[in-house]
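# Remarks on the overall topology
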Amino acid sequence: MEMFLIVLVLLLLIGISNMVNHFIPFIPVPLIQIALGALLALLPLGFHVPMETELFLVLFIAPLLFHDGKNVPRSALWELRKPILLLALGLVFVTVFVIGYLIHWLIPSIPLPAAFALAAILSPTDVVAVSAISSRSKLPSGIKHLLEGEGLMNDASGLVAFKFAVAATVTGVFSLGQATISFVLIALGGMIAGVILSYIIIRLRMLIRRWGMEDVTIHMLIQLLTPFIIFLIAEHFGVSGILSVVAAGIVHAIERDREESPTMKLKIVSTSTWSVILYILNGLVFVLLGLQLPSVSKTIFSNPEFNNSQVIWYIVIITGALLALRYIWLNLSWWLGGKMRKMELFKLKQRTALITTVSGVRGAVTLAGAFSIPYVLNDGSPFPERSLFIFIAAGVILLTLIVASICLPILSKSEEPSIKEDKDELERKAIIHVKEAAIQSIEAELNEENRAASLAVIAKYTQLIERLKLPELPEDTANNQYMEEKIRFKALVAEKRCINELIKEEKVDRETAYIGQQFIHRMEVAVTNKMKYRLMTSVVFMKRTSFKMLKSISPENEKRVKLSIQTVVAVRNLKIQTAKAAIAAIKADMTPINRGPSLLVIREYRRLISKLNRENMLKSSNDKLLKLEKELHYKAFQAERDEVQAMYEQGKLTRELAQKIRQQINLREAFLIEEKTYQS
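Residues numbered from 1 in each chain as written. Predicted model: local features only at pLDDT ≥ 70, side-chain atom pairs only at ≥ 80, totals over all residues. Heavy atoms only, no water.

Looking only at helices and strands, the protein chain has 25 helices and zero strands in total. Among the 680 residues that make up the protein chain, the fraction classed as buried is 44%. In the protein chain, 79% of the contacts between residues at least 6 apart in sequence involve partners at least 24 apart. (Helix = DSSP H or I, 4+ residues; strand = E, 2+ residues; numbered from the N terminus. Buried < 20%, exposed > 50% of the residue type's maximum accessible area, 1.4 Å probe, protein only. Contact = heavy atoms within 4.5 Å.)

This paragraph deals with the side chain of Ser297. Note on placement: Ser297 falls in helix α12 (residues 264–301). Accessibility expressed as a relative area gives 19% for Ser297, which makes it buried. A distance of 2.8 Å separates a polar atom in the side chain of Ser297 from the backbone oxygen of Leu293. (Polar contact = N/O pair within 3.5 Å; in protein donor to acceptor, adjacent residues only side chain to side chain.)

Moving on to the confidence of the model for the protein chain. Per-residue pLDDT for the protein chain averages 76, and the proportion of residues at 70 or more is 78%. Residue range residues 414–420 is modelled with pLDDT below 50. Its contacts to residues more than four positions away, or to other chains, number six contacts. Confidence drops under a pLDDT of 50 for residues 547–563, and excluding neighbours within four residues, the segment shows seven contacts in the predicted structure. (pLDDT = per-residue confidence, 0-100.)

A contiguous nonpolar patch, built from Val184, Leu188, Met191, Ile192, Ile196, Tyr199 and Ile200 and spanning about 660 Å² of accessible area, is present on the exposed surface. You can see Ile200 is positioned in helix α9 (residues 176–210). (Patch = residues over 30% accessible without salt bridge, like charges linked within 9 Å, V, L, I, M, F, W, Y side chains within 5 Å. Areas by Shrake-Rupley, 256 points an atom, 1.4 Å probe, with all protein chains shown as cover. Salt bridge = Lys/Arg side-chain N within 4 Å of Asp/Glu carboxyl O.)

Attention now goes to the side chain of Thr226. Mapped onto the elements of the fold, Thr226 is located in helix α10 (residues 216–236). Overall, the relative accessible area of 2% leaves Thr226 in the buried class. The residues touching Thr226, leaving out its near neighbours within four places in the chain, are Phe66, Ile201 and His252.

Bringing the pattern of salt bridges into the picture now. Tallied over the entire structure, the rule returns four salt bridges. A salt bridge links Lys435 to Glu640; the nearest nitrogen and oxygen atoms lie 3.7 Å apart. With Lys435 in helix α17 (residues 423–445) and Glu640 in helix α24 (residues 622–649), this pair connects stretches of sequence that are 205 residues apart. The burial state of Lys435 is the same as that of Glu640; both residues are buried. Its salt-bridge partner being Glu505, residue Lys507 comes within 3.2 Å of it at the nearest N-O pair.

It is worth spelling out the packing of aromatic side chains at this point. Following the criterion strictly, the structure yields four aromatic pairs and no others. The interplanar angle of 40 degrees and the centroid separation of 6.1 Å between the aromatic rings of Phe66 and Trp274 together place this pair among those described as tilted. With Phe66 in helix α3 (residues 53–71) and Trp274 in helix α12, this pair connects stretches of sequence that are 208 residues apart. Per residue, the accessibility class of Phe66 equals that of Trp274, and both read buried. Between Phe383 and Phe389, the aromatic rings sit 6.3 Å apart at their centres with planes inclined by 80 degrees, giving edge-to-face as the arrangement. As far as burial versus exposure is concerned, Phe383 and Phe389 are alike and both buried. One aromatic cluster is present, built from ring pairs that chain together Phe97, Tyr101 and Phe116. (Phe/Tyr/Trp six-rings, centres within 6.5 Å; stacked < 30°, edge-to-face > 60°.)

An α-helical segment advances 3.6 residues per turn. Residues three or four places apart therefore align on the same side. Taking 1.5 Å as the rise per residue, helix α5 (residues 81–106) with 26 residues should run 38 Å; its terminal C-alpha atoms sit 35 Å apart, in good agreement. Within α5, the axis deviates most sharply at Leu91, by approximately 30 degrees. For α5, the full list of buried residues reads Ile84, Leu87, Ala88, Leu91, Val92, Thr95, Val96, Ile99, Gly100, Ile103 and Leu106. (Expected span 1.5 Å × (residues − 1). Bend = angle between axes of the 7 residues up to and from the residue.)

On to the environment of Ala639, then. Its place among the elements puts Ala639 in helix α24. Exposure remark for Ala639: the relative accessible area of 14% places this residue in the buried category. For Ala639, the residues in contact, after removing those within four places along its chain, are Ala437, Ala438 and Ser441.

This part covers empty space enclosed by the protein. Applying the stated rule across the entire model yields five cavities of 30 Å³ or more. A volume near 60 Å³ is recorded for the second largest cavity. If you trace the second largest cavity, you find it lined by Leu87, Leu91, Val92, Thr95, Ser123, Thr125, Glu150, Asn154, Leu322, Leu325, Arg326 and Arg362. When residues of the lining of the second largest cavity are traced back to their parent elements, those giving at least two are α5, α8 (141–171) and α13 (308–340). The biggest single contributor to the lining of the second largest cavity is α5, with four residues. By residue class, the composition of the lining of the second largest cavity is five nonpolar, four polar and three charged. (1 Å grid on protein atoms, 1.4 Å probe; cavity = no way out; pocket = protein on both sides within 12 Å on 5 of 7 lines; lining within 4 Å. Points joined across faces, edges and corners; volume = space filled by probe spheres on them. Nonpolar A, V, L, I, M, F, W, Y, C, P; charged D, E, K, R; others polar.)

At a minimum axis separation of 8 Å, α5 and helix α6 (residues 112–122) run at an interaxial angle of 125 degrees. Taken as axis vectors, α5 and α6 run oblique relative to one another. For the crossing formed where α5 meets α6, the hand is right-handed. Contacts from Thr95, Val96, Phe97, Ile99, Gly100, Tyr101, Ile103 and His104 of α5 reach α6 at Leu112, Ala115, Phe116, Leu118, Ala119 and Ala120. Here the residues of the contact of α5 with α6 are counted per class, giving eleven nonpolar, three polar and no charged. (Axes fitted to C-alpha atoms, helices over the stretch in contact; angles between N-to-C directions. Parallel < 35°, antiparallel > 145°, perpendicular 65-115°, else oblique. Left-handed = near helix turned anticlockwise from the far one by under 90°.)

Time to look at unusual backbone geometry. With a phi close to 55 degrees, Glu385 is a non-glycine residue in the positive phi region. For Glu385, the location among the structural elements is in the loop between α15 (364–371) and α16 (386–413).

This part covers the environment of Ala438. Within the secondary structure, Ala438 is located in helix α17. Separated by 202 residues in the primary sequence, Ala438 and Glu640 place their C-alpha atoms 5.5 Å from one another. When neighbours within four sequence positions are excluded, Ala438 is seen to be in contact with Tyr461, Ala636, Ala639 and Glu640.

Attention now goes to helix α2 (residues 29–42). Relative to the 20 Å expected for 14 residues at 1.5 Å per residue, α2 spans 20 Å between its end C-alpha atoms, a close match to the ideal helical length. Along α2, ten of the 14 residues are buried, which leaves the element largely enclosed by surrounding structure. Among the residues of α2, Val29, Pro30, Leu31, Ile32, Gln33, Ile34, Leu36, Gly37, Ala38 and Leu40 are the ones counted as buried.

In structure tokens:
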């Protein structure tokens, strides 16, 4: 029961971390999760989660790397294979020797083999942490793929090097030749095991499908168990479980691409399930790190043998050395690569090198390896400076996270040319983008049942967007009025021409055509006389009110109204056709000079078309339509809020502008609620 409560609390902290990140997105989620974990450990609740390395690796690392292997772009990995191998293998072993000697020189109480072990466990980078930190930073795709490939490969090389260094410390025996051969066998064996086991599992799934068992639950269960089974079997036979799950993920990705008839339901369930699992596992890794920090720090700070400020300086120096070595290695390998290909030396962009350097964040593997260090040696003596070993590892993880959080947004922003935009223009573009996101959300909900309501909501958003896109015009100038009248007359001529063509082709009856022509005539009069135009709209409103009154007086009048409604529908369809002809005519005569008035008239015609389409598609009662519209409006409002938050987290909106747009959404939502209440 106690473990169940601990798990519930940890899951609650993950949820809280994302809520906190919603309000302070400039602080990465991993740092918030570490802070919450540390805060929980400091509370007098007796919270203690023992760190079992094997369980940690199989429970967290196996599924995370399996998923990364399935989703990483294979073509990009192949193109970047040389720099990936240079970082995942070359840099790891250089780090073990260089940083190992540095640690032994800084802290003589740590023997050289143990220093190599600490350097080895500090060498792997954490692609999960980098992806979480870079959510607000637009990393170039090449750097992103390079970091993903490095993160998939260097965990294995770092852990194998760590394993041999710890063994040398514990036993006092080490053979470089034997270690090299063992590393090759373990790495190759892990990849081969992953490929073979994946093939067996895939064939098993195909066999189950041939038996007619298309149950999504069974296939989803097999998917979830796959990384754990492959990791455990590979480790049982003494090969790299990490490389085996990476290879298995790549094989499953190839099988997924070649699968001819995947069930859509399974794909949807698989995507949703894995997203939840990865969300939880990623969060738990950093919450657990936070839980360990207070106890590790207390052990060091309360020990009189350690100078607290000196220990902190150890962390700063080692972290700086890791980043400096990474930067030098990047430039050196690039230079050597150019020389080996007998090419003219070309410069590596220093900004790219800096981004790749600070992206070398340490994380889950480093934490798991540090806690796996044995307490005693073979002779029964304690492992030298084990507590300091774990404290330095935890400090380097935390410091690399902080450095990346600060530097990545700055470096990635400078990748793009800075564009200074007017504050009002930025706000206008942001609102347009948010409303376009709302339209997309409504289109995703569109079906036969809510088609009329969806089109109505989309039409309203389209009108708002067109109004925002309309260029600013001088107020009521004589020239603009003249151009607008001229454009309206051209549009009406196009409408007349359209009706005449339909009459000749016998696509419209005389009565409908007459009504349409009368409407155009009234519009021609109204164009030059605003008072007559308002009077005309009042007459139309009175006619519509009369129709509603006649419908409620007697059944006989209702029949007459129904007969007239058939004519009204025909007139609506005719008006839609003439409006489209008018828009085409306006666009054909549009010039940079009359662009503003032309767009204004086009917007009115489009609004009319949307309204007529809505009325034609209205088959159910007004109450049902209003209810559907209300529901869709709420979904659109939520889509707007989500887009505002996403833009804010990506650094596209300031806090003030995001808050202003949210307030506008809230006011519109409140007005809608009040309006619908009165209508009901």
